[in-house]
Amino acid sequence: MKLFDPHIHMTSRTTDDYAAMRRAGIIAVTEPAFWLGQPRTHAGSFEDYFLSLVGWERFRASQFGIRHFCTLGLNPKEANNPDIVDPVLELVDLYLEKDGVVAVGEIGYDDMTPAEDDILGRQVEMALRHGLPIMVHTPHRDKKAGTRRTIDLLREAGVPPHMVLIDHNNEETLPITLDSGCWAGHTIYPGSKMDEPRMVGLVQTYGGERIMINSSADWGISDPLKVPKTTDAMVAAGIATDTIDTIVWRNPIAFYAQSGRLDPAELEIPLPVDQRLLFEGNTVLRGQAPAVDVPAAATAVPA
Amino acid sequence: MSTRPAERRTQPILALLVAARDPDGAAWLEATVAAPALPGTPGFMRAFAAASRRLRGSPPPQGDELPALRALGIAVPERWSAQRLLRAALLVASVEATGEEAPARLTAAFRTSDSEERAVILQSLTLLPDPARFAPLAADACRSSVQPVFEAVAGDNRFPSAFFAEPIFNQMVLKAVFTGMPLARIVGLAERTTPALRRMAADFRSERRAAGRVVPADLDRLLDAPFPDGTTTP
Ligand SMILES: [Zn+2]
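The structure reproduced in this document is the subject of the present report. (Residues numbered from 1 in each chain as written. Chains lettered and ligands numbered in written order. Predicted model: local features only at pLDDT ≥ 70, side-chain atom pairs only at ≥ 80, totals over all residues. Heavy atoms only, no water.)

1. A short note on the nonpolar core
(1) Moving on: Counting 115 residues, the largest nonpolar core has Phe50 and Leu72 of chain A together with Leu106, Ile121, Leu125, Phe164 and Ile186 of chain B as its most contacted members.
(2) Moving on: Here this core takes ten residues from helix α5 (residues 82–96) of chain B, the largest share from any one element.
(3) Moving on: Each residue touching Phe164 of chain B, except ones within four places of it in the same chain, is listed here: Ala135, Ala138, Ala139, Cys142, Val153, Phe159, Phe169, Met172 and Arg192 of chain B. (Core = buried A, V, L, I, M, F, W, Y, C linked by side-chain atoms within 4.5 Å. Buried < 20%, exposed > 50% of the residue type's maximum accessible area, 1.4 Å probe, protein only. Helix = DSSP H or I, 4+ residues; strand = E, 2+ residues; numbered from the N terminus. Contact = heavy atoms within 4.5 Å.)

2. A closer look at empty space enclosed by the protein
Residues and elements named next belong to chain A.
(1) Moving on: By the definition in use, this model includes two cavities of 30 Å³ or more.
(2) Moving on: His9, Thr11, Ser12, Glu31, Phe34, Trp35, Leu36, Tyr49, Asp218 and Trp219 are the residues that line the second largest cavity.
(3) Moving on: Residue composition of the lining of the second largest cavity, by class: five nonpolar, three polar and two charged. (1 Å grid on protein atoms, 1.4 Å probe; cavity = no way out; pocket = protein on both sides within 12 Å on 5 of 7 lines; lining within 4 Å. Points joined across faces, edges and corners; volume = space filled by probe spheres on them. Nonpolar A, V, L, I, M, F, W, Y, C, P; charged D, E, K, R; others polar.)

3. A look at the layout of surface pockets
(1) Moving on: Considered as a void within the structure, the second largest pocket measures approximately 400 Å³ in volume.
(2) Moving on: As for the second largest pocket, its lining consists of 20 residues, and the residues nearest its centre are Phe110, Arg118, Ser144, Ser145 and Val146 of chain B.
(3) Moving on: Those elements that place two or more of their residues in the lining of the second largest pocket are α2 (43–54) of chain A together with α6 (102–111), α7 (115–124) and α8 (135–141) of chain B.
(4) Moving on: Grouping the constituent residues of the lining of the second largest pocket by class yields seven nonpolar, eight polar and five charged.

4. Regarding the coordination of the zinc ion
Under ideal tetrahedral coordination, the four donors around a metal are separated by 109.5 degrees; under ideal octahedral coordination, the six donors are separated by 90 or 180 degrees.
Residue and element names in this part refer to chain A.
(1) Moving on: Around the zinc ion, the donor atoms from the protein are His7 (NE2), His9 (NE2) and Glu106 (OE), and they sit 2.0 to 2.2 Å away.
(2) Moving on: Along the chain, the residues donating to the zinc ion fall in the pattern H-x1-H-x96-E. Here His7, found in the loop between β1 (3–5) and α1 (15–23), pairs with Glu106, found in strand β4 (residues 101–108); they are 99 residues apart in sequence, far enough to count as distant.
(3) Moving on: Since its relative accessible area comes to 1%, Glu106 is described here as buried. (Donors = N, O, S within 2.8 Å, 3.2 Å for Na, K, Ca; no water.)

In structure tokens, the structure reads:
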């Protein structure tokens, strides 16, 4: 089965992770821009981060046969630093034009401060202007109220619900999200947010329509193989293959393809692993013989 | 800075190839270059990025277009996409409107570009007026770890053999060997093969042999080819 992890922070992960993900069937990922565990103090740090998401990280993923897309935005955790907000939002507006950018995100609430309201509103306006979907982070604290408040803000701004993915849902927020008409993401984490058996229960109750699962793996305790592991749990629980395929492949593609920058037909053609491209310097293959899936001539040409 | 009349023909030829593919794209290009934003400015970067969402599904250069593009300075136009033609047309118009600030401005544009945008800039250097002034930018691009960016400058490109100083050219050739880019893709390599380059290549081959590792076949070819004067590597 082909798998798509629609929310994973590969910048924080190792090449072992990439290799294990590809072996487990993950052939496409979306990396939302987020914080790096400690707040950045200069707007320029965001520019280098955005550049790495549309450049270096995309290339790194391709070396393992994984297609990499990203979402860009100013995350709520760093939205409360007035020194960086305006210049970072200018950068977001500029970098949203880049080719691999398939949504504005992850944006939303953390502490639900007035500053977060303002920055969320401005980025929603940008999404409408760029014709991009929106990927929403919901808060850990006061989650139900935060989810409702986000959905209300988006509705008032005139964003069609099919252009919105509300992420990090749980048993209590999922009905709210599905009622709103938005897409519903679920983060399968070791020991918090959501686990495999609970996710199986949600799918048994609600089916696969507009439902997605992701690992949100990052620099914290997290597991980049949660999408394949949850897929296995769904198979073991007897959930229909068609439903599983909808959740782990067709839904992420349908949602992010609304950006016009992800071609569903192209995604059906597996990207070859070309470790010939992984040699020296910063690249990952340090002296081992490269694995090449295809004739070199077919991969040497940038698209 | 002088711009020869011949160079001014480049942009209209690219625009014609765009028009042959997509009249809407051509109209957008014409409107955009009527008052071109300078390279690296937000206006330019927006247009340069958005260009990739036009001419989707249009064919790459073909037929009579190939010799025409080679005559402009593109070494292997077969490897260009329709979007590259459109982006190059934007870039040429923008650089032609820039004057003496062009190297600084193009460097700024390069820094804020994604990988394919960087590749277009590098592949288009030989189309720009007075290309020699962009040598520092091209040399810096050789340091990229993103292989498609490195290959856009080192491979299928007349720029390095025409404008790189020997140490930079030699480093580029060695990096191509290291990263597995076929040396056949380096334009003008035979003419630029010097004793210094052979010495570097020979040292590398000897290191590889000492380590019991495979010696890339390209390296043997480089070392075993006679110099233009008929002598060979000792
Ligand atoms: Zn995240």
